[in-house]
Amino acid sequence: MFTVQSTVAALPDIRHVEVSSGTSFINAKGGKSSSVAFVSVRVALSVNRIDDEDLAREIALIVLNEYPDALSKKAIRVVMVYGYDIGIWGASSSHYYDFDPLVLEGELSLQD
């Protein structure tokens, strides 16, 4: 995961990166439950590019390339955040993008 974090942090306009992997559990009425395994990358941007889907896709492709276990997950979520905090006041906005690792793998193979 450190490799993913380092590679994403080297991209232009990235101020901070957090990478995690986990599982969400969903309990539905009637006793049926399910789980969703995912990789999440949260990036703080130095310029407002939260609506830049191409950047989000580039980050998701880095995850897939640098962390092969991502293929076993249901989703790669990229959360892009832009804002400021001056101590007594702060504001931020964010946008998230979910990518299917298997679809991204197909895109990687097309690039080769």
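Note that this is a predicted model, so its numbers are computed, not measured. (Residues numbered from 1 in each chain as written. Predicted model: local features only at pLDDT ≥ 70, side-chain atom pairs only at ≥ 80, totals over all residues. Heavy atoms only, no water.)

1. Some remarks on the sheet that holds strand β3 (residues 75-85)
Stated formally: Whether two strands pair comes down to DSSP finding at least two bridges between them. Runs of H or I in DSSP of at least four residues are treated as helices and runs of E of at least two as strands, each being numbered from the N terminus. Orientation is described by axes fitted as lines to C-alpha atoms, over the contacting stretch for helices, and by angles from 0 to 180 degrees between their N-to-C directions. Residue contacts are counted whenever heavy atoms from the two residues lie within 4.5 Å of one another.
Taken in spatial order, the four strands make up an open sheet running β1-β2-β3-β4, and their pairing is mixed. Pairing within the sheet leaves two strands with one partner each, and these edge strands are β1 (14-27) and β4 (90-99). Between one strand axis and the next, the sheet turns through 20 degrees on average, direction left out of account. Pairing of strand β2 (residues 33-45) with β3, which is carried by eight bridges, proceeds in the parallel orientation. Residue pairing in the sheet places V43 in a bridge with M80 of β3. Across the face of the sheet, helix α1 (residues 2-9) comes into contact with β1 and β2 while running at roughly 135 degrees to β1. Its contacts with the sheet put helix α2 (residues 53-66) on β1, β2, β3 and β4, and the angle it makes with β3 is roughly 125 degrees.

2. Notes on the pairing of β2
Direction of pairing for β1 relative to β2: antiparallel, over a ladder of 13 bridges. Following the sheet pairing, H16 is matched in β2 by A44.

3. Let's talk about the environment of V78
With respect to the element layout, V78 can be found in strand β3. Taking the C-alpha atoms as reference, V78 lies 6.5 Å from D98; in sequence the two are 20 residues apart. In this view, V78 contacts V41, A56, I59, A60, H95, Y96, Y97 and F99; residues no more than four positions away in its chain are not counted.

4. Thoughts on the packing of aromatic side chains
What counts, and what does not: Two rings from Phe, Tyr or Trp (for Trp, the six-membered ring) form a pair when their centres are within 6.5 Å of each other. A pair whose planes differ by under 30 degrees is stacked, one over 60 is edge-to-face, and the rest are tilted. As a reminder, the over-ring test applies to NZ of lysine and CZ of arginine, requiring each to be within 6 Å of the ring centre and within 35 degrees of the ring normal.
Enumeration over the complete set of coordinates arrives at zero aromatic pairs. The ring of Y96 has R77 lying over it, and the distance from NZ or CZ to the ring centre is 3.9 Å.

5. As for the nonpolar core
The test is simple: We call a set of buried residues a nonpolar core when its members are Ala, Val, Leu, Ile, Met, Phe, Trp, Tyr or Cys and they connect through side-chain atoms within 4.5 Å of each other. To sort residues, take the accessible area from a 1.4 Å probe on protein chains only and compare it with the maximum for the residue type: under 20% means buried, over 50% means exposed, and anything in between is partly exposed.
One finds V8, V43, I59, V78 and M80 to be the most contacted residues of the largest nonpolar core, which totals 27 residues. For this core, the secondary-structure elements that each account for two or more residues are α1, β1, β2, α2, β3 and β4. No other element matches the eight residues that α2 contributes to this core.

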